[in-house]
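Take a look at the letters that make up each chain.
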Amino acid sequence: MKQIIRAVVISIGLTAVGFWGATNVGNRSSLQAARATLTAPTLLSQLTSKLDLPLLAKATAAFVQSDRYRTESEIGVKASSGGTDVTSLAKVTTLVQAPNQFRAEIAFPSDSGKEVKSIVISDGKRVWMYRPDLKQYAVTSFAKFDDLDDYYWIGMSSYWYSAVTPDVRKLLASGTLADPQVLKELGMTDTSTSPLKGRSQTFNGRSLYSYEFTDKEGFTISALVEPTTAELKQIRLTGKSEGFNIDIAERILSRTANPAIAASTFKFTPPSGAKLVESVAIGPL
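About the thresholds
Residues numbered from 1 in each chain as written. Predicted model: local features only at pLDDT ≥ 70, side-chain atom pairs only at ≥ 80, totals over all residues. Heavy atoms only, no water. Helix = DSSP H or I, 4+ residues; strand = E, 2+ residues; numbered from the N terminus. Buried < 20%, exposed > 50% of the residue type's maximum accessible area, 1.4 Å probe, protein only. Areas by Shrake-Rupley, 256 points an atom, 1.4 Å probe, with all protein chains shown as cover. Salt bridge = Lys/Arg side-chain N within 4 Å of Asp/Glu carboxyl O. Phe/Tyr/Trp six-rings, centres within 6.5 Å; stacked < 30°, edge-to-face > 60°. Lys NZ or Arg CZ within 6 Å of the ring centre and 35° of its normal. 1 Å grid on protein atoms, 1.4 Å probe; cavity = no way out; pocket = protein on both sides within 12 Å on 5 of 7 lines; lining within 4 Å. Points joined across faces, edges and corners; volume = space filled by probe spheres on them. Nonpolar A, V, L, I, M, F, W, Y, C, P; charged D, E, K, R; others polar. Core = buried A, V, L, I, M, F, W, Y, C linked by side-chain atoms within 4.5 Å. Pairing = 2+ DSSP bridges.

**Structural notes on the overall build of the chain**
- Looking only at helices and strands, the chain features seven helices and 13 strands.
- Counting across all 285 residues of the chain, residues that qualify as buried make up 51%.
- As displayed, the chain offers around 13,500 Å² of accessible surface, 51% of which is attributable to carbon and sulfur atoms.

**A short note on the environment of T214**
- Mapping T214 onto the fold places it in strand β9 (residues 206–214).
- Judged by its relative accessible area of 42%, T214 falls in the partly exposed class.

**Quick look at the pattern of salt bridges**
- Scanning the model with the defined rule gives eight salt bridges in all.
- Close ionic contact of R70 with E72 constitutes a salt bridge, the shortest N to O distance being 2.7 Å.
- Judged by its relative accessible area of 31%, R70 is partly exposed.
- Assessed through its relative accessible area of 23%, E72 is described here as partly exposed.
- One salt bridge connects D247 with R236, and the closest N-O pair in it is separated by 2.8 Å. Taken as a pair, D247 in strand β12 (residues 244–257) and R236 in strand β11 (residues 231–241) lie far apart in primary sequence, 11 residues in all.

**Focus on the packing of aromatic side chains**
- Counted by the stated rule, this structure contains 15 aromatic pairs.
- Geometrically, the ring pair formed by Y151 and Y152 is edge-to-face, given 6.3 Å between the ring centres and 65° between the ring planes. Per residue, the accessibility class of Y151 equals that of Y152, and both read buried.
- One cation-aromatic arrangement involves R255 over Y161; the distance from NZ or CZ to the ring centre is 5.6 Å.

**Looking at the layout of surface pockets**
- There is about 250 Å³ of room inside the second largest pocket.
- In terms of lining residues, the second largest pocket is bounded by 13 residues, among which A62, A230, E231, L232 and R255 are the most central.
- Elements supplying a minimum of two residues to the lining of the second largest pocket: α3 (53–63), β11 and β12.
- With four residues, the single largest contributor to the lining of the second largest pocket is β12.
- Considered class by class, the residues forming the lining of the second largest pocket number eight nonpolar, two polar and three charged.

**A look at the nonpolar core**
- If you look at the biggest cluster of nonpolar residues, it comprises 56 residues, and the most contacted ones within it are F102, I106, V120, F145 and W153.
- In terms of residue count, α3 provides more of this core than any other element does, six residues in total.
- Of all hydrophobic cores here, the second largest spans seven residues; its members include I119, I121, Y130 and Y137.

**Some words on the pairing of strand β4 (residues 101–108)**
- The element β4 is largely enclosed, with a buried count of six among its eight residues.
- Note that strand β3 (residues 84–97) and β4 share seven bridges and pair antiparallel. Looking across to β4, one finds that T93 is bridged to E105.
- Linking β3 to β4, which pair antiparallel, is a turn of three residues; within it N100 sits at a positive phi near 75°.
- As paired strands, β4 and strand β5 (residues 116–123) are joined by eight bridges and run antiparallel to one another. Following the sheet pairing, F108 is matched in β5 by V116.

By themselves, these figures tell us nothing about what the structure is for.
Okay, here's the thing in structure tokens:
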């Protein structure tokens, strides 16, 4: 049961407060709009507080049906402390194959119009982080990758999916969370005491469903699901770390199952002139 609980938290994230904005962060106007939305998040109207467990089972099963995905996301990160607010945005394309393999190409736009790019590749055991602008790359183990301060730039949905073990993925894909006995053992049948909360919400006239889970360290993990298709639309992580209030939101633009993957996709060959360093930042935050 512990594996299933972990997979529930990992595979869907679990709640969402709303979209943070900008459908295209590749230009100056939308970049400013996204920053404004992160500064003042849009509040959604609550329709009901009843936890929708059938939708949770359907969304979880849909999330892990394939052993590989191509995901396009927009990621916004805000860190604030005192009167200081720092916001950063990225457009991310990630290919992921279970277990533990991924390739993320990340573009960070700026007001000047010049992008900073990063490439992050995992072969299942090692993870390479390459910054073309610096001509530098670093290597770490997959087990230690999420210890890095900025691992989330590859997309939380893709990273969490890659970390689900094949046996648990198979269980979830078969609809395990629709089993009343499993839900009972997870402590989710009594919605008054369940650590997982849910509610229906509207956004721009669109009905969506939000799940929310707060871990023992005080971080709130959120997922926003489209009820009709059971598609995951957003993951959000909020909490406090080292004196900063952190807000990380990944808005999923598209997620395609069974993409074509070349043999070289999850391999990294240092480009000519690239220097191996102890560490390299994936993004500006």
